[in-house]
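# Coordinate analysis (summary)
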Amino acid sequence: MLLQETIQKIGGLNEAAMHQAQERMDNLIKPPGSLGELERMAVKMAGITGNPRPRVGKRTVIVMAGDHGVLAEGVSAAAQEVTAQMLSAFTGGVSGIGVLARHAGANLVVVDIGVAGEVNVPGVLNRKVRPGTANIAAGPAMTKDEAVAALEVGIAVAEAEIEQGSTLIALGDMGIGNTTPSSAILAACGGFDAEEITGRGTLINDEVLENKKRAVTRSLAVNKPDRADGVDVLAKVGGLEIGGLAGVILGCAAKRIPVLADGFITGAAALIAVAIAPACQNYLFATHLSAEPGHRMMLEMLGLTPVLLAGMRLGEGTGAALAMHTVEGACRVLDEMLTFQEAGVTDMEEDKLLRDN
């Protein structure tokens, strides 16, 4: 089974490469730690790739699209048809992620893994597991076999991009109503109450927000997902695009490729992936802090620090695409800046000691 084979290939970070990277970073012509998160990012990239001076080459944004039966509970202001309608804007390069992926110099891969209707959009990969999930407030979103199939779609799409030379992969999502299953995943994995973690998504009104909270609460009561079993959580309260994205994370981790999580939906995918294979957490970067309230809790659970604080809540992979520049910048600092010795500059700490004495 592809899923089990992939899990078995996921290992830890390369400690030797990280040590070399940290040593070089600490000796660059700057005060130690003065570049903050960039320094930690570069060292982690060394651990992921095994290269003490890592570089970013070809990059890809993978957007998974799927629909959700929980829309029957009145949890969204938008119609389900919008999911399919947006896909042509993605492939045409005129959506938010279309523009920002192009700006990042990234290949944009759009996958129909569970859109409710028929999709006939040139450039969209047809990997449909089923046409949308069932209503999680009334029963499981999908069968366990379908959840595994969604994960394996993500693994296969990631592997195909890596085989084409991708060195950095960002996650994006499209699915009307998908903040509801994402909230349910967070509640299930973190033991939270729906009231704590359910936000307004696409700026819904108070009535729809209450519908979302009730739907999340009922989904947990009806399905009783096992937080220790990521596949069970995905099958019972998740989404097909969330499963596909979790599979991308697993596939990248198995191939030692860094993964850029976007916002709330991809955070839910990360929770699923880490529940299935905890070591894949080593390969994740948080790119921004979503305006969705539960996202901060997700990142705390994952032990990840967001790079951007821009109040973004669009999804699609937009924050992750923007952060590709930051990851590349971090690697360039480590590789292209000179050390004090290389530059013939007196080390700042040594110079301070000499002046103090």
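Rules and cut-offs
- Residues numbered from 1 in each chain as written.
- Predicted model: local features only at pLDDT ≥ 70, side-chain atom pairs only at ≥ 80, totals over all residues.
- Heavy atoms only, no water.
- Buried < 20%, exposed > 50% of the residue type's maximum accessible area, 1.4 Å probe, protein only.
- Helix = DSSP H or I, 4+ residues; strand = E, 2+ residues; numbered from the N terminus.
- Pairing = 2+ DSSP bridges.
- Contact = heavy atoms within 4.5 Å.
- Axes fitted to C-alpha atoms, helices over the stretch in contact; angles between N-to-C directions.
- Parallel < 35°, antiparallel > 145°, perpendicular 65-115°, else oblique.
- Left-handed = near helix turned anticlockwise from the far one by under 90°.
- Patch = residues over 30% accessible without salt bridge, like charges linked within 9 Å, V, L, I, M, F, W, Y side chains within 5 Å.
- Areas by Shrake-Rupley, 256 points an atom, 1.4 Å probe, with all protein chains shown as cover.
- Salt bridge = Lys/Arg side-chain N within 4 Å of Asp/Glu carboxyl O.
- Nonpolar A, V, L, I, M, F, W, Y, C, P; charged D, E, K, R; others polar.
- Core = buried A, V, L, I, M, F, W, Y, C linked by side-chain atoms within 4.5 Å.
- Expected span 1.5 Å × (residues − 1).

Time to look at the pairing of strand E2 (residues 107-114). Judged by how many residues are buried, E2 sits mostly within the fold: six of eight residues are covered. For strand E1 (residues 58-66) and E2, the ladder comprises seven bridges, and the chain directions are parallel. Counterpart to Ala-65 in the pairing with E2 is Asp-112.

As a further point, take the environment of Thr-266. Checked against the element boundaries, Thr-266 lands in helix H12 (residues 264-276). Expressed as a C-alpha distance, the spacing of Thr-266 and Ala-170, which sit 96 residues apart in the sequence, is 9.7 Å. Those residues within four positions of Thr-266 in sequence are excluded, and the remaining contacts are Leu-171, Gly-172, Asp-173, Leu-245 and Ala-261.

Once that is clear, we can look at the packing of helix H2 (residues 15-26) against helix H3 (residues 37-49). In contact at an axis separation of 7 Å, H2 and H3 are set at 150 degrees when each is read in the N-to-C sense. Judged by the angle between their axes, H2 and H3 are roughly antiparallel. You can see that H2 and H3 cross each other, and the crossing is right-handed. Facing H2, whose interface residues are Ala-17, Met-18, Ala-21, Gln-22 and Met-25, H3 presents Glu-39, Ala-42, Val-43, Lys-44, Ala-46 and Gly-47.

Once that is clear, we can look at a nonpolar patch on the surface. Taken together, Ile-29, Leu-338 and Val-345 make up a surface patch of nonpolar side chains, about 220 Å² in accessible area. Within the secondary structure, Ile-29 is located in the loop between H2 and H3. The exposure class of Ile-29 is partly exposed, given its relative accessible area of 34%.

We now examine the pairing of E1. The element E1 is largely enclosed, with a buried count of eight among its nine residues. Here eight bridges tie E1 to strand E4 (residues 166-174), and the two strands are oriented parallel to one another. In the sheet register, Val-63 faces E4, and the bridge partner there is Gly-172.

Taken as a whole and assessed by the stated rule, the structure comprises 15 salt bridges. The closest approach of N and O atoms between Lys-30 and Glu-39, which form a salt bridge, is 2.8 Å. Overall, the relative accessible area of 5% leaves Lys-30 in the buried class. Residue classification places Glu-39 among the buried positions, given a relative accessible area of 6%. The structure contains a network of salt bridges with shared partners spanning Arg-59, Glu-328, Arg-332 and Glu-336.

This part covers the sheet that holds strand E5 (residues 259-261). What the six strands build is an open sheet, ordered E3-E2-E1-E4-E5-E6; its pairing is parallel. Unpaired on one side and paired on the other, strand E3 (124-126) and strand E6 (284-286) mark the two borders of the sheet. Sheet twist, expressed as the average angle between the axes of neighbouring strands with direction ignored, equals 30 degrees.

Turning next to the packing of helix H11 (residues 240-254) against H12. With their axes 8 Å apart at the nearest point, H11 and H12 run at an angle of 55 degrees to one another. Relative to H12, the element H11 lies oblique. The chirality of how H11 crosses H12 is right-handed. Contact with H11, carried on its side by Ile-242, Leu-245, Ala-246, Ile-249 and Leu-250, involves Ile-265, Thr-266, Ala-268, Ala-269, Ala-270, Ile-272, Ala-273 and Ile-276 of H12 and no other residues of that element. By residue class, the composition of the contact of H11 with H12 is 12 nonpolar, one polar and no charged.

By size, the foremost hydrophobic cluster in this structure holds 114 residues, and its most contacted members are Val-61, Met-64, Leu-87, Ile-185 and Leu-250. Setting aside chain neighbours within four positions, we find Val-61 in contact with Ile-97, Ala-101, Ala-106, Asn-107, Leu-108, Val-109, Ala-170, Ala-321 and Met-324.

Another aspect to go through is the environment of Val-157. Inspection of the secondary structure assignment puts Val-157 in helix H6 (residues 144-163). Discounting chain neighbours no more than four positions away, the residues touching Val-157 are Ile-62, Met-64, Val-109 and Val-111.

The next thing to look at is unusual backbone geometry. At Arg-256, a position not held by glycine, the phi torsion is positive, near 60 degrees. Looking at where Arg-256 falls in the secondary structure, it is placed in the loop between H11 and E5. By relative accessible area, which is 28% here, Arg-256 ends up partly exposed. With a phi close to 70 degrees, Glu-316 is a non-glycine residue in the positive phi region.

For the rest of this paragraph, the subject is H12. The end-to-end C-alpha distance of H12, which contains 13 residues, comes to 19 Å, matching closely the 18 Å that a straight helix rising 1.5 Å per residue would cover. H12 sits mainly inside the fold: 12 of its 13 residues count as buried. Within H12 the residues assigned to the buried category are Phe-264, Ile-265, Thr-266, Gly-267, Ala-268, Ala-269, Ala-270, Leu-271, Ile-272, Ala-273, Val-274 and Ile-276.

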